[in-house]
Amino acid sequence: MERGGREYALWSIGIAVVLIFALIPVLWLISISLKPPEAITDGRFIPSEVSFDNYKSLFEGGVEDSPFIKPLINSILIALTTTVISIVLASFAAYAIARLEFPGKRVILAGALAIAMFPPISTIGPLFDMWRALGIYDTYLGLIIPYLTFSLPLAIYALTAFFREIPWELEQAAQVDGATPFQAFRKVIVPLAAPGVFTAAILVFIFAWNDFLFAISLTSSDASRTVPAALAFFTGESSFTEPTGSIAAAAVVVTVPIIVFVLFFQRRIVSGLTAGAVKG
Amino acid sequence: MSNGVATAGTSDRTRSEHRLAWLLCAPAVIAMLAVTAYPIGYAIVLSVQQIDLRFPDEGGFVGLDNYTSVLSSQLWWTDVFNTVFLTVVTVSIELVLGMAIALVMHRAIFGRGVVRTAVLIPYGIITVVAAFSWQFAFAPDSGFVNNLPLISDEMDWFGGRFSSFAVIIMAEVWKTTPFMALLLLAGLVTIDGQLYEAAKVDGASAWQRFTRITLPLMKPAILVALLFRTLDAFRVFDTIYIMTAGAQDTESVSILGFNQLISRLNLGLGSAVSVLIFLCVVAIAFLYVKVLGTRVEEGRPGN
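Bear in mind that the values here come from a model prediction, so they are computed numbers and not experimental data. (Residues numbered from 1 in each chain as written. Chains lettered and ligands numbered in written order. Predicted model: local features only at pLDDT ≥ 70, side-chain atom pairs only at ≥ 80, totals over all residues.)

A. Broad picture of the overall build of chain A. When helices and strands are counted, chain A shows 13 helices and zero strands. In sequence order, the secondary structure elements of chain A are arranged as α-α-α-α-α-α-α-α-α-α-α-α-α. Along the longest, intermediate and shortest principal axes, the C-alpha atoms of chain A span 70 × 70 × 35 Å. Expressed as a percentage of the 280 residues in chain A, the buried residues total 49%. A separation of at least 24 residues holds for 71% of the contacts in chain A among residues at least 6 apart in sequence. (Helix = DSSP H or I, 4+ residues; strand = E, 2+ residues; numbered from the N terminus. Buried ≥ 20, exposed ≤ 12 C-beta atoms within 10 Å, placed from the backbone. Contact = placed C-beta atoms within 7 Å.)

B. Summary view of unusual backbone geometry. All names here are of chain B. Here Q248, not a glycine, exhibits a phi torsion of approximately 55°, which is positive. Along the chain, Q248 falls in the loop between α10 (238–243) and α11 (253–263). Judged by C-beta crowding, with 14 C-beta atoms within 10 Å, Q248 ranks as partly exposed. Although it is not a glycine, L265 sits at a positive phi angle of roughly 55°. Position of L265 relative to the elements: it lies in the loop between α11 and α12 (267–291).

C. Representation of the domain arrangement of chain B in the model. All names here are of chain B. Entries for chain B in the domain assignment read domain 1 (6–49) and domain 2 (63–298). Put simply, the middle of domain 1 and the middle of domain 2, counted by C-alpha atoms, are 33 Å apart. In this complex, domain 1 contributes seven residues to the contact, which on the side of domain 2 involves ten residues. With five residues, helix α2 (residues 37–47) is the single largest residue contributor to the side of domain 1 that touches domain 2. Per-class residue counts for the side of domain 1 that touches domain 2 are five nonpolar, two polar and no charged. (Domains from an automatic or database assignment. Nonpolar A, V, L, I, M, F, W, Y, C, P; charged D, E, K, R; others polar.)

D. Structural detail: the interface of chain A and chain B. Across the boundary between the two partners, chain A contributes 86 residues, which contact 87 residues of chain B. Among the elements that make up the side of chain A that touches chain B, the one with the highest residue count is helix α1 (residues 5–34) of chain A (13 residues). Considered class by class, the residues forming the side of chain A that touches chain B number 66 nonpolar, 16 polar and four charged.

E. Focus on the packing of helix α5 (residues 112–124) of chain B against helix α7 (residues 161–188) of chain B. Residues and elements named next belong to chain B. Running from amino to carboxyl end, α5 crosses α7 at an angle of 125°, the nearest separation of the two axes being 8 Å. It follows from the interaxial angle that α5 and α7 lie oblique. Handedness of the α5/α7 crossing: left-handed. Along its contact with α5, which presents V119, L120, P122 and Y123, the element α7 presents W174, K175, P178, F179 and A181. (Axes fitted to C-alpha atoms, helices over the stretch in contact; angles between N-to-C directions. Parallel < 35°, antiparallel > 145°, perpendicular 65-115°, else oblique. Left-handed = near helix turned anticlockwise from the far one by under 90°.)

F. Local environment of the confidence of the model for chain A. Summing up the model confidence of chain A, the mean pLDDT is 85 and the portion of residues at 70 or higher is 94%. Taken element by element, chain A is modelled with least confidence in helix α3 (residues 62–65) of chain A, mean pLDDT 76, and with most confidence in helix α10 (residues 213–217) of chain A, mean pLDDT 93. (pLDDT = per-residue confidence, 0-100.)

G. Focus on the environment of L292 of chain B. All names here are of chain B. Here L292 is to be found in the segment after α12. When the C-alpha atoms of L292 and L223 are compared, they prove to be 8.0 Å apart, with 69 residues separating the residues in sequence. Those residues in contact with L292 that lie beyond four places of it in its chain are L223 and L287.

H. Summary view of the domain arrangement of chain A. Residue and element names in this part refer to chain A. With domains assigned, chain A is organised as domain 1 (5–51) and domain 2 (61–273). Using C-alpha coordinates to define each centre, domain 1 is positioned 31 Å away from domain 2. Looking at the side of domain 1 that touches domain 2 residue by residue, the classes come out as six nonpolar, one polar and one charged.

I. Structural context of the nonpolar core. The biggest cluster of nonpolar side chains holds 168 residues, and the ones touching the most others in it are A90, A93 and A155 of chain A together with L184 of chain B. With near-sequence residues (within four places) excluded, A90 of chain A lies in contact with L152, A155, I156, L159 and A200 of chain A together with A28 of chain B. (Core = buried A, V, L, I, M, F, W, Y, C linked by C-beta atoms within 7 Å.)

J. Region of the structure containing the environment of R235 of chain B. Counting through the fold element by element, R235 of chain B comes out in the loop between α9 (206–234) and α10. C-beta crowding within 10 Å serves as the criterion here: with 23 such atoms nearby, R235 of chain B is assigned to the buried category. Separated by 59 residues in sequence, R235 of chain B and T176 of chain B have C-alpha atoms that sit 13 Å apart. With sequence-adjacent residues up to four places away left out, R235 of chain B is seen in contact with P119, P120 and I121 of chain A together with S254 of chain B.

K. Summary view of α12 of chain B. With 25 residues, α12 of chain B ought to run about 36 Å at 1.5 Å a step, and its terminal C-alpha atoms sit 34 Å apart, in line with that. Downstream of α12 of chain B by a residue or two, G293 of chain B has a phi angle that is positive, lying close to 75°. (Expected span 1.5 Å × (residues − 1).)

L. View of the packing of helix α9 (residues 181–210) of chain A against helix α13 (residues 266–273) of chain A. Residue and element names in this part refer to chain A. At a minimum axis distance of 9 Å, the contact between α9 and α13 shows a crossing angle of 80°. Compared by their axis directions, α9 and α13 come out roughly perpendicular. Along the contact surface, α9 presents P195, T199, A200, I202 and L203, while α13 presents R268, I269, S271, G272 and L273. Of the residues contributing to the contact of α9 with α13, the split by class is six nonpolar, three polar and one charged.

Right, dumping it as structure tokens:
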């Protein structure tokens, strides 16, 4: 293949375009968040002067008065709880699917696939009604339950794919040594599976962290409203100012840590996202 | 049992393995059904009643009246058009871009890691956050887009229907192309490189190699990626809610359902919309699986 200077140049331009396009919304948010209020509408991509006022206003007033702190706590706790429960349940199921032969396996896989395709909007009305009757409307539990449902297919597929890669002879060796199937699972397979489990956990966390539809439908106050929903209810300093600066600052706070995390574990995430995408 | 004869031991073992498998799967299965099967059943029940939480005293069974109201309303059909339009345009652009990125990542001379890093950034960002960012970028007062060359300073992107769609499509494409690219890349790496070498020896051009080798062999992977992205695009909600909230006739069916259910508290009518959306999704999945022959069981689920 001819790999001359021209091809290198074209390649570099292509990569640069992809990189710039991917980064623009993030850089733009950082830019707005650093603009002082009077410069928000200057339309400049790079701020002419830098101010941290937008960040300060986010955290002003403590948990009680800040429009951001409570939703941030809600988001973190709800996403973490969802992740832990979802990964525990999915690990059990994925172990059975990857490892054991039993009637109903295909049905479970097909069912999980169907749920991955299920439109969440179709459950909003019934859940709204049921959660109010059960008293879990506008609570953590009211959000964790649907997040669990819709993250499980993702977690089961990713984990099943990872579990199939594990050297199972070790498990048999443990069983020969007298371990029960459950002990073999807990003491031999769990440590081996930890990296895959961690990857699945990242995928589930991002799913719960990202949700907006359930968060605005099943909450009504800061008691359980998560950041994406809270952003939609942000108001400006006065009724005449747009909350652009605070939204941008809040967006940066919830985005940058996740991006750093995603980039740090990028190889794992790619393998998790495409788990089972190809036969084999 | 441990001292039993070999055959009895085996069948006991099989049975206990089945039991263990079911025990392990049961919690996940229950959790998945709790918020899908039961609510969709309940949505059907709600959809044949007149239930408006603003008027709790009125109500009762109304048969298919809610469906007739929805299906005979101009708004429903406008929203169906919007949703189908947005889905077809976004998924088409994503397929082309995603394929280009997948090819770049697969045959990269250098910089494969950089491209992978770049495509994962949109994946890590909350959809609502990305929607705000693009909205601010295109806003006539605070945005930078109108200051770019070739774009009128006065362009009011969210003032018209199709200019709003353009921004919505751009935000959606930005957010979800990475997923498409990664799925396609996973299909691409399974193609035997020798096929290309042989074709090159036979004098096939790069384009011929792409259309005669890559595309046919990737058809299963492409269909699976398209199925998932089509269904995902069809439920578009977050971006539209943030950018226009449905103004300028940009409402999607999900926004319509949300407005009826949560904003207007009309559970009967809203549930009819929900059930209709569910039926659309079933129809799309049916189309892909039965008509186009998408082999999902060999695709995403991993056998």
